[in-house]
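Working through the structure, step by step
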Amino acid sequence: MPLSTQSQDDNDEQYILVASLDNARNLSNILKAIAFKDHAIFTATPNGLKVTVEDSKCLQANAFIQVEIFQEFTIKEDLVGFQVNLTVLLDCLNIFGGSTAPGLSTALRMCYRGYGYPLTLFLEEGGVVTVCKINTQEPEEPIDFDFCSSNVINKVILQSESLKEAFSELDMTSEVLQITMSPSQPYFRLSTFGNSGNAHYDYSKDSDMMELFKCTTTQTNRYKMLLLKPTTKALALSCKVSVRTDSRGFLSLQYMVRNDDGQICFVEYYCCPDEEVEEE
Amino acid sequence: MKFRGKIIDIACLNHFSRVVTTIAKLTKTCVLRLTPDNLFFVLSGKVANGGVSMWCELSQGNFFDEYQMEGVSSEDNEICLELSPENLSRALKTVQNAKSVKVKLTKKHCPCVTVSAELPTLSSVSRVVTHDVPVEVIPRRLWHELKEPSVPDFHVSIYLPPLKTMKNVVDRMKNLSNFLVVEANLNGEMNLKIETDLVSVTTHFKDLGNPPWGGGSEGGADPEGMAEARVDIRRLQQFLMGQQVTPTKAMCNIVHQRILHLVVLHDDASLQYFIPAVA
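It should be emphasised that the depicted structure is a prediction, and the values quoted were computed from it without experimental measurement.

Brief notes about the overall build of chain B
- A tally of regular secondary structure across chain B gives four helices and 18 strands.
- In terms of its C-alpha atoms, chain B occupies a principal-axis envelope of roughly 65 × 45 × 35 Å.
- Evaluated residue by residue, chain B yields a buried proportion of 51% over its 279 residues.
- Restricting to contacts in chain B with at least 6 residues of sequence separation, those with at least 24 account for 64%.
- When the accessible surface of chain B is totalled, it reaches about 13100 Å², and 49% of it is carbon and sulfur.
- Averaged over its 30 positive side-chain charges, chain B has a centre that lies 10 Å from the centre of its 30 negative ones.

Structural notes on the interface of chain B and chain A
- Every contact between the two is made by 17 residues of chain B and, on the other side, 17 residues of chain A.
- When chain B packs against chain A, the two sides together hide about 1400 Å² of surface, and 57% of this comes from carbon and sulfur.
- Of all residues in chain B, Arg172(B), Leu198(B) and His204(B) give up the largest surface area on contact with chain A, accounting jointly for 36% of the area buried on that side.
- Counting the contacts that link chain B with chain A gives one salt bridge.
- Counting the contacts that link chain B with chain A gives 10 residue pairs in polar contact (both at pLDDT 80 or more).

Quick word on the nonpolar core
- Leu121(A) and Met190(B) are the most contacted members of the largest nonpolar core, which has 152 residues in total.
- Looking at this core, the element that brings in the most residues is helix H1 (residues 10-26) of chain B, giving seven residues.
- Leave out the neighbours within four places in its chain, and Leu121(A) touches Leu89(A), Cys92(A), Leu93(A), Leu108(A), Arg109(A), Met110(A), Thr130(A), Val131(A), Cys132(A) and Ile134(A).
- Formed by eight residues, the second largest nonpolar core is a distinct cluster that contains Val31(B), Trp55(B), Ile138(B) and Trp143(B).

Concerning the domain arrangement of chain A
Residues and elements named next belong to chain A.
- According to the domain assignment, chain A contains domain 1 (13-134) and domain 2 (149-271).
- Placing a centre on the C-alpha atoms of domain 1 and another on those of domain 2 gives a separation of 28 Å.
- Listed per partner, the contact involves 21 residues of domain 1 and 17 residues of domain 2.
- Buried area between domain 1 and domain 2, summed over both chains or domains, comes out near 1700 Å², and the portion from carbon and sulfur atoms is 54%.
- Looking only at domain 1, the three residues that lose the most surface to domain 2 are Asn26, Ala33 and Leu59, adding up to 29% of its buried area.
- One can count one salt bridge joining domain 1 with domain 2.
- Between Asp260 and Arg25 there is a salt bridge whose closest N-O contact spans 2.9 Å.
- Where domain 1 meets domain 2, there are nine residue pairs in polar contact (both at pLDDT 80 or more).

Rules used throughout
- Residues numbered from 1 in each chain as written.
- Chains lettered and ligands numbered in written order.
- Predicted model: local features only at pLDDT ≥ 70, side-chain atom pairs only at ≥ 80, totals over all residues.
- Heavy atoms only, no water.
- Helix = DSSP H or I, 4+ residues; strand = E, 2+ residues; numbered from the N terminus.
- Buried < 20%, exposed > 50% of the residue type's maximum accessible area, 1.4 Å probe, protein only.
- Contact = heavy atoms within 4.5 Å.
- Areas by Shrake-Rupley, 256 points an atom, 1.4 Å probe, with all protein chains shown as cover.
- Lys, Arg positive; Asp, Glu negative; His and termini not counted.
- Charge placed at Lys NZ, Arg CZ, Asp CG, Glu CD.
- Buried area = accessible area lost by both parts, 1.4 Å probe.
- Salt bridge = Lys/Arg side-chain N within 4 Å of Asp/Glu carboxyl O.
- Polar contact = N/O pair within 3.5 Å; in protein donor to acceptor, adjacent residues only side chain to side chain.
- Core = buried A, V, L, I, M, F, W, Y, C linked by side-chain atoms within 4.5 Å.
- Domains from an automatic or database assignment.

Here it is, written out as structure tokens:
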């Protein structure tokens, strides 16, 4: 571990959180999937790291990097929380260019001393070491969307490939994306209402792309296109996606992301519905 | 005043084109100075271009198969032309597969450097493409501004790390800050640092080696002692962006809190770039 040559290591004692990765891309990639606002709330527990980004109190994204992903993960408290600027963090993580070439990866050691201290990153690639000190802020309380699996009404799991296709063809002039989920026709439908007319994108429930189809009640909800747009970043990286709605029409999108080493991480988005649609 | 040169060798043509492209990345306008043995691309430090200056020297024999020139007079056997290297670069890029390229000074609607290329053809009719790059002839009385900058009395001289690595780091730092501190010592260590309200980042390079002529003119200087220069990060980025070929040698000299002097040596060309330090 080249970073262990750092003299700072002598003072490891002083840190309440130390996390190391042999490949910094395993963190930076997943953070890119939620990088739509500057402020990111970091919550570390003995289970790993959760990073939360929110927009307009209507959209929340969470990236989970579980403890197994890290080569080292030492936490001295049950819960460590702080807030940093995500754009700055991503620039720091990619300081060596974020090369994808095999055999050339950036090693990372991330340390935090506690309230009021900066988040310190030691990055090393090819014998060159970069030290970043990112100032931390008071962590805000993430919004509780109160999305319970017991309240879930409809759920489908799709191969991301098929949803990517749909999203790339969506009419972005539409203000909303309408999602219909139903135990009968049209099963799972994405609709837009744009300048050039209405469009529907239907998935049959027997499609190869549909891994799981569990819809109990017909439900139609609209979500602001502007809010959903950032979710495409996660979609692009993912291999599977689970789409769920609860009784209030809240949308949960869970993305399964496979990293360079074949490990699985999850990114989840919650989105409020735009308005109630009258059921006929 | 006369100048004409001819390049036949395609490798020479590519190389010349690359040099001009590098220059074009560094500056919008510069002076092309022609002497019987050399071509120079010169930018003298003016406030308008952020105080940076550049000196690029090419030996004509390494590029041109034919080279004839006649300066303003026999005692001042030189020609100085102001031009846009971007225009010249574009002209050269479009004739990359030419059988031969002639470069000459012409008088058309205005003075021009005319690049005419004979392109390969399948029929017996030859195809010639001509580009006229407008230039401005610099009068004799302004030549004193175009002398080779004297190598400053630097405190530290050090070899640069691989330019690609340095470029990656500087590119990211540019996203975070407008200014960057370069510091180095005579122990082969160089640091790139930025500091803002949000973040401080330091990249440490070591074992870079120091050129034999040393530095630290006031002998017995502390090898660990750092000389530093705080520079406009865009200037450094421009310099790194332009380097298309791995040079034989790349180094930098620092005059503490005054100048960052970057030197890139190729077999047949050399480039010096001066970035003034800011407070």
